[in-house]
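Remarks on the overall topology
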Amino acid sequence: MPETRHIPSIARDLASGFAARAGRWDREREYCWDNVRELAQAGLMGMTLPRAYGGQGASWHDVVLAVEEIARACTLSARIVVEGNMGGISAVMAYGTEAQKRLCAPLVLAGDKPAICITEPGAGSAATDMTTTAQRRGDRYILNGTKHWITGGGVSRIHLIFAQVLDETGERQGIGGFLVICDPSGGDLPEGFEVVRRERTMGLCGMPEAELKFTGLVVPADMAVVPPSGFARGFADLMTAYNSQRVGAGTVALGIAAGAMDHARRYLLEREQFGRPIAEFQGLQWMLADMDTGVHAARLMLHEAARTTGPAGFPDMTMAARAKLFASETAIKVVNDALQMFGARGYGDAEPLERMYRDVRMFTIGGGTAQVLRTQIAGTVLGIRTPQRRETPQTRALAAE
Ligand SMILES: Cc1cc2nc3c(=O)[nH]c(=O)nc-3n(C[C@H](O)[C@H](O)[C@H](O)COP(=O)(O)OP(=O)(O)OC[C@H]3O[C@@H](n4cnc5c(N)ncnc54)[C@H](O)[C@@H]3O)c2cc1C
């Protein structure tokens, strides 16, 4: 196992190999299994797991350093490193039972990118409106419902499925997470678990975004991930893990922007028009200066957020929201400007700019939209929580739980 101080240089070395293949995963819409094997062998999958579970006890900040390096070359691989350390697996390690941790850790260390299943056709930003249910029946839960836009759906082995928990009498107890381990790409799907379809996305094309359907899916009761507060506050507690994922997602966006700037810098010095390198035109120099300033500021915010400690050792919620918001919006602008600097060449596939431009667009949407993050940040600044929901007697009763 490498020492954590070597993580950035290991990531940099891997990234140089990934750069040549990044276009292939995009064109072929293929999951990068080759890169996954290399990431796992290098110890970057599950690096945040404690040593007792085979990890390196690496910090969120270590992950951020690795993810930026990898995202400069291959967005797909960088997302896999994020989700192999943050998000679903970090929720299990923080709130799961000993048996759940022992079950999941080896899979992640071997390269599995857990799928976190929250979003539904009728419940996006309003995630708690989910209608998937987990009904208690003796020592099992029976899951019914549909999730969509599930990253890794069809390739991930670990699934953390969020559902409305109903007791034996059908009374709602709150929202819980349920672990289902299977191997969809190896043809091993439990009865009642269907990978319905894959979205055709504009970017991040090698990563399946799938619709999953659960029909009477049986989950043993000991596969419920129940935070100490129980199901009543289960969703809020489990979602603290999302604060690490948000920092990770922001860092992927940062890495794409930094990579796009590397390409732009090279091209400005190389391309000549009007008898001189285009790097000498002040119009482009000022664009580059703004890009550099934005990237630098985003990096500082992400590093700061990664180093804060909120509930259960996850980054502070507001810091994570601010950093993801700023990094994702900045990255979209930076990549757009980098593409502009290439003129027509940036619009074609001779350069990776068009792929980076399609990839980076996602980061103000997935994992909390820019609007939802702004609402969260404003709530912290103002010290008030403004209900987004049109209130009814039922919603008031639910809020009081
Ligand atoms: C590539 C990708 C990967 C994803 N991966 C996963 C995954 O692995 N697991 C998972 O569970 N989900 C995943 N998602 C889903 C993602 O979390 C949702 O897309 C996101 O939460 C927004 O939900 P929505 O798309 O339904 O948009 P909606 O909630 O319908 O929002 C539509 C628009 O309204 C705005 N809006 C909504 N509510 C408010 C409000 N209160 N104030 C102001 N504006 C508002 C939004 O910002 C947005 O602009 C993924 C999405 C993408 C694109």
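One structure accompanies this document, and this report is about it.

Cut-offs and rules
- Residues numbered from 1 in each chain as written.
- Predicted model: local features only at pLDDT ≥ 70, side-chain atom pairs only at ≥ 80, totals over all residues.
- Near = placed C-beta within 6 Å.
- Helix = DSSP H or I, 4+ residues; strand = E, 2+ residues; numbered from the N terminus.
- Nonpolar A, V, L, I, M, F, W, Y, C, P; charged D, E, K, R; others polar.
- Expected span 1.5 Å × (residues − 1).
- Buried ≥ 20, exposed ≤ 12 C-beta atoms within 10 Å, placed from the backbone.
- Axes fitted to C-alpha atoms, helices over the stretch in contact; angles between N-to-C directions.
- Parallel < 35°, antiparallel > 145°, perpendicular 65-115°, else oblique.
- Left-handed = near helix turned anticlockwise from the far one by under 90°.
- Contact = placed C-beta atoms within 7 Å.
- Core = buried A, V, L, I, M, F, W, Y, C linked by C-beta atoms within 7 Å.
- Pairing = 2+ DSSP bridges.

**Structural notes on the site of the ligand**
In the vicinity of the ligand lie 20 residues, with Ile118, Gly124, Ser125, Thr369 and Gln371 positioned nearest. Elements that contribute at least two residues to the shell around the ligand include exactly strand 1 (115–117), strand 3 (140–151) and helix 13 (370–382). Looking at side-chain class alone, the shell around the ligand contains nine nonpolar, 10 polar and one charged residues.

**What about helix 3 (residues 60–73)?**
Compared with an ideal rise of 1.5 Å per residue, which puts 14 residues at 20 Å, helix 3 spans 21 Å between its outermost C-alpha atoms and is within 8% of the ideal. With 13 of its 14 residues buried, helix 3 lies for the most part within the structure.

**Side note on the packing of helix 1 (residues 7–28) against helix 3**
Remark: helix 1 packs on helix 3, axes separated minimally by 7 Å, with the N-to-C direction vectors making an angle of 20°. Judged on the interaxial angle alone, helix 3 and helix 1 are roughly parallel. Handedness of the crossing formed by helix 1 with helix 3: right-handed. Residues Ile7, Pro8, Ala11, Arg12, Leu14, Ala15, Ser16, Phe18, Ala19 and Ala22 of helix 1 touch helix 3, and the partners they reach there are Asp62, Leu65, Ala66, Glu69, Ile70, Arg72 and Ala73.

**Describing the packing of helix 8 (residues 242–270) against helix 12 (residues 353–360)**
Where helix 8 contacts helix 12, the axes come no closer than 10 Å and their chain directions differ by 160°. The angle between helix 8 and helix 12 falls in the class roughly antiparallel. Where helix 8 crosses over helix 12, the two elements pack in a sense that is left-handed. Two secondary-structure elements touch here, helix 8 through Ala253, Ile256, Gly259, Ala260 and His263 and helix 12 through Leu353, Met356, Asp359 and Val360.

**Examining the environment of Ala91**
When you line up the elements, Ala91 lands in helix 5 (residues 88–95). Excluding its chain neighbours within four sequence positions, the residues that come into contact with Ala91 are Leu160, Gly177, Val225, Leu238 and Ala241.

**Regarding the nonpolar core**
If you look at the biggest cluster of nonpolar residues, it comprises 124 residues, and the most contacted ones within it are Ile70, Phe178, Ala257, Ala331 and Val335. The leading source of residues in this core is helix 10 (residues 317–341), at 15 residues.

**What about helix 8?**
Look at helix 8: 42 Å from first C-alpha to last across 29 residues, which is about the 42 Å you get at 1.5 Å a residue. With respect to burial, helix 8 is a largely interior element, 24 of its 29 residues being buried.

**Examining the pairing of strand 5 (residues 172–181)**
Alignment of strand 4 (residues 158–166) against strand 5, held across nine bridges, turns out to be antiparallel. Paired with His159 across the bridge in strand 5 is Val180. Between strand 4 and strand 5, which pair antiparallel one after the other, the connecting turn spans five residues, and Gly170 there sits at a positive phi close to 90°. Examined bridge by bridge, strand 5 and strand 8 (residues 224–225) share two bridges and lie antiparallel to one another. Directly across from Gly177, in strand 8, lies its bridge partner Val225.

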